[in-house]
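Single-letter residue listing:
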Amino acid sequence: MKNDFICPYCSGHLNIKDKVVFVAKKINGETGIIFLHPKLGDYSSEMHETFNVSKGEDVDILCPICHQNLKQKVEDKNFVHLLLVEEDGKRYNVLFSSIFGEYSTFKIGKEVFETFGKPVQLGINFETLSFLK
Ligand SMILES: [Zn+2]
């Protein structure tokens, strides 16, 4: 299935072929390009060998087109927020943990709520999150 990942700020397409492309920025200011897999729940990633992100590091994930930080706080957790358009045209919000190696993903749409990986427990109603349109 072909998934299109879209920046919620500039509506730019973030996927090219079988990769989703981001700019990752570490707390120490170091930046690099990161490729993620478009299949939700597949946490494989690729980076240049000079750019290393360690497990447990909280990284800023920026749109490579408009450079907006895609991070959103939900309760006390940091997530990366994207829009997903599936092959059938249905649109969803996707949230995944910005902590490298923390495999926690939520797919949220009208009457759809799916989790992937090892989703962290959140005691909130996602419908109340103003950034999920
Ligand atoms: Zn953007």
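Above this note sits the structure.
(A) Main features of the overall build of the protein chain. Per the secondary structure count, the protein chain includes zero helices and eleven strands. In terms of overall dimensions, the protein chain is globule-like: its C-alpha atoms have a radius of gyration of 14 Å, near the 14 Å expected for 133 residues. Taking the principal axes of the C-alpha coordinates as reference, the protein chain spans close to 45 × 30 × 25 Å. Within the span of the protein chain, comprising 133 residues, buried residues form 21% of the whole. Sequence separation of at least 24 residues holds for 43% of the intrachain contacts in the protein chain that already meet a minimum separation of 6.

(B) Focus on the environment of glycine 29. Structurally, glycine 29 can be placed in the loop between strand 3 (19–25) and strand 4 (31–36). Remark: the alpha-carbon pair of glycine 29 and isoleucine 108, spanning 79 residues in sequence, is separated by 31 Å.

(C) Region of the structure containing the nonpolar core. The biggest cluster of nonpolar side chains holds 21 residues, and the ones touching the most others in it are Phe22, Ile61 and Val80. At the level of secondary structure, the elements contributing two or more residues to this core comprise strand 3, strand 4, strand 6 (60–62), strand 8 (77–86) and strand 9 (91–97). When neighbours within four sequence positions are excluded, isoleucine 61 is seen to be in contact with Phe22, Ala24, Leu70, Lys71, Val80 and Ser98.

(D) Local environment of the environment of tyrosine 43. Summarising the element assignment, tyrosine 43 is placed in the loop between strand 4 and strand 5 (45–47). Measuring from C-alpha to C-alpha, the distance between tyrosine 43 and threonine 115 comes to 13 Å, with 72 residues separating the pair along the chain. Filtering out sequence-adjacent residues up to four positions away, tyrosine 43 remains in contact with Tyr103 and Gly117.

What counts and how
- Residues numbered from 1 in each chain as written.
- Predicted model: local features only at pLDDT ≥ 70, side-chain atom pairs only at ≥ 80, totals over all residues.
- Helix = DSSP H or I, 4+ residues; strand = E, 2+ residues; numbered from the N terminus.
- Rg over C-alpha atoms; globule rule 2.2 N^0.38 Å.
- Buried ≥ 20, exposed ≤ 12 C-beta atoms within 10 Å, placed from the backbone.
- Contact = placed C-beta atoms within 7 Å.
- Core = buried A, V, L, I, M, F, W, Y, C linked by C-beta atoms within 7 Å.

The quantities given are spatial measurements derived from coordinates; they are silent on function.
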